[in-house]
Amino acid sequence: MASDNVLGEFLKARRGRVPPSHADLSAPGRRRVAGLRRDELARRAGISEPYLTRLEQGVDRHPSPQVLQALARALELDADTTAHLFALAAPHPARPSETGVAPDVHQLLDAWTGSPAYVRNRRFDVLAANKLARALAPMYEPGHNLARDMFLDPGVRRLLPDWPEIAAQTAAALRAEADPHDPGTARLVAELEADEDFRRLWARHDARPSRDELKRFVHPIVGELALRRQALTVGGAEEQVIIAYQAAPGSPSEAALARLV
């Protein structure tokens, strides 16, 4: 994200992931690229190769919706990654000013006494958290950055038995949700690229917002928990997201949460 040519980098990375056999356009003989060549992608999308070159080099940064949709089909993008492609090609909107967490949101978090819950921004900085979230994991303390802790804190790898999958989700969610033109995001990505796992995942250019999914923890005091994650946008502060965890009623995880407080 530190680069100014985010659209071009995305197109080059994603065409490298389309097997040539899917396109049925490749010439016989030895290939020097893992995925599609530029001319193959251009033909598959129905655009000229010089135009695709201008897109990849950042000379043209705002292709039409019709071109973007053709590229999405040619690159075999899913709905989330297609939305990310359109966002990269949109003119840069003015970034909303970062605001603090409203008092009523703090009150809401504290009212959820049986559910760990916190507020983060789209750069994954934790802005507020209730008592149960802070007891569940240090990374939910306000002031922490979830992506930084995910990749750079060894304790998080011990806490999450499905760390490889969750790390991949985190990189994809950061790619989908964070502002690629935000200097703070660029600094965060530059810091995270010191980690080999992050570099590998970030280079894939996967983009998938946070979903309502089951997440497993191995807490050092109460043991294993399986919690359903919910992601909610804060009304009037769209740059903020509430993440809440719930245990199934009557489950061992519900009992384990009760022992945390």
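As the structure is a computational prediction, the values presented were derived from the model and not from experiment.

A. Region of the structure containing the environment of Gly-155. On the secondary structure map, Gly-155 appears in helix 10 (residues 154-159). Note: C-alpha distance between Gly-155 and Ala-172 (17 residues apart in sequence) is 21 Å.

B. Layout of helix 5 (residues 65-74). Those residues of helix 5 lying buried are Val-67, Leu-68, Ala-70, Leu-71, Ala-72 and Ala-74. Glu-76 occupies a position one or two residues after helix 5 and carries a positive phi of about 60 degrees.

C. Quick peek at the environment of Ala-128. When you line up the elements, Ala-128 lands in strand 2 (residues 126-129). Overall, the relative accessible area of 2% leaves Ala-128 in the buried class. Leave out the neighbours within four places in its chain, and Ala-128 touches Val-101, His-106, Leu-109, Tyr-118, Val-119 and Pro-142.

D. Just the packing of helix 3 (residues 38-45) against helix 4 (residues 49-57), in detail. For the pair helix 3 and helix 4, interaxial distance at closest approach is 9 Å and the crossing angle is 110 degrees. With respect to helix 4, the element helix 3 is oriented roughly perpendicular. For the pair helix 3 and helix 4, the crossing hand works out as right-handed. Contacts between helix 3 and helix 4 pair Arg-38, Asp-39, Leu-41 and Ala-42 from the former with Glu-49, Leu-52, Thr-53 and Glu-56 from the latter. Along the lines of polarity and charge, the residues of the contact of helix 3 with helix 4 split into three nonpolar, one polar and four charged.

E. Representation of the sheet that holds strand 4 (residues 223-234). Spatially, five strands are ordered 2-1-5-4-3 in an open sheet, and the strand pairing comes out antiparallel. For this open sheet the edge positions go to strand 2 and strand 3 (214-219), each flanked by a neighbour on one side alone. Each strand axis lies, on average, 30 degrees off the axis of its neighbour in the sheet, ignoring direction. Pairing of strand 1 (residues 117-121) with strand 2 involves three bridges; the strand directions are antiparallel. Bridge pairing links Arg-120 to Val-126 in strand 2.

F. Molecular detail of the nonpolar core. Core analysis: the largest hydrophobic core is formed by 41 residues, its most contacted members being Tyr-140, Phe-151, Leu-160 and Phe-217. Ranked by residue count, the leading element in this core is helix 11 (residues 163-177), at six residues. Among the nonpolar cores identified, the runner-up in size contains 24 residues, and Leu-11, Leu-52, Ala-72 and Leu-77 belong to it.

G. Region of the structure containing the side chain of Asn-145. Within the element layout of this structure, Asn-145 appears in the loop between helix 8 (131-136) and helix 9 (146-152). Side chain to side chain, Asn-145 and Asp-125 meet in a polar contact 2.8 Å long. Engagement of the side chain of Asn-145 in a polar contact is seen with the backbone nitrogen of Ala-147, the distance being 3.1 Å. Contacts of Asn-145, omitting those with residues within four sequence positions, involve Arg-123, Phe-124, Asp-125 and Leu-188.

Cut-offs and rules
- Residues numbered from 1 in each chain as written.
- Predicted model: local features only at pLDDT ≥ 70, side-chain atom pairs only at ≥ 80, totals over all residues.
- Heavy atoms only, no water.
- Helix = DSSP H or I, 4+ residues; strand = E, 2+ residues; numbered from the N terminus.
- Buried < 20%, exposed > 50% of the residue type's maximum accessible area, 1.4 Å probe, protein only.
- Contact = heavy atoms within 4.5 Å.
- Axes fitted to C-alpha atoms, helices over the stretch in contact; angles between N-to-C directions.
- Parallel < 35°, antiparallel > 145°, perpendicular 65-115°, else oblique.
- Left-handed = near helix turned anticlockwise from the far one by under 90°.
- Nonpolar A, V, L, I, M, F, W, Y, C, P; charged D, E, K, R; others polar.
- Pairing = 2+ DSSP bridges.
- Core = buried A, V, L, I, M, F, W, Y, C linked by side-chain atoms within 4.5 Å.
- Polar contact = N/O pair within 3.5 Å; in protein donor to acceptor, adjacent residues only side chain to side chain.

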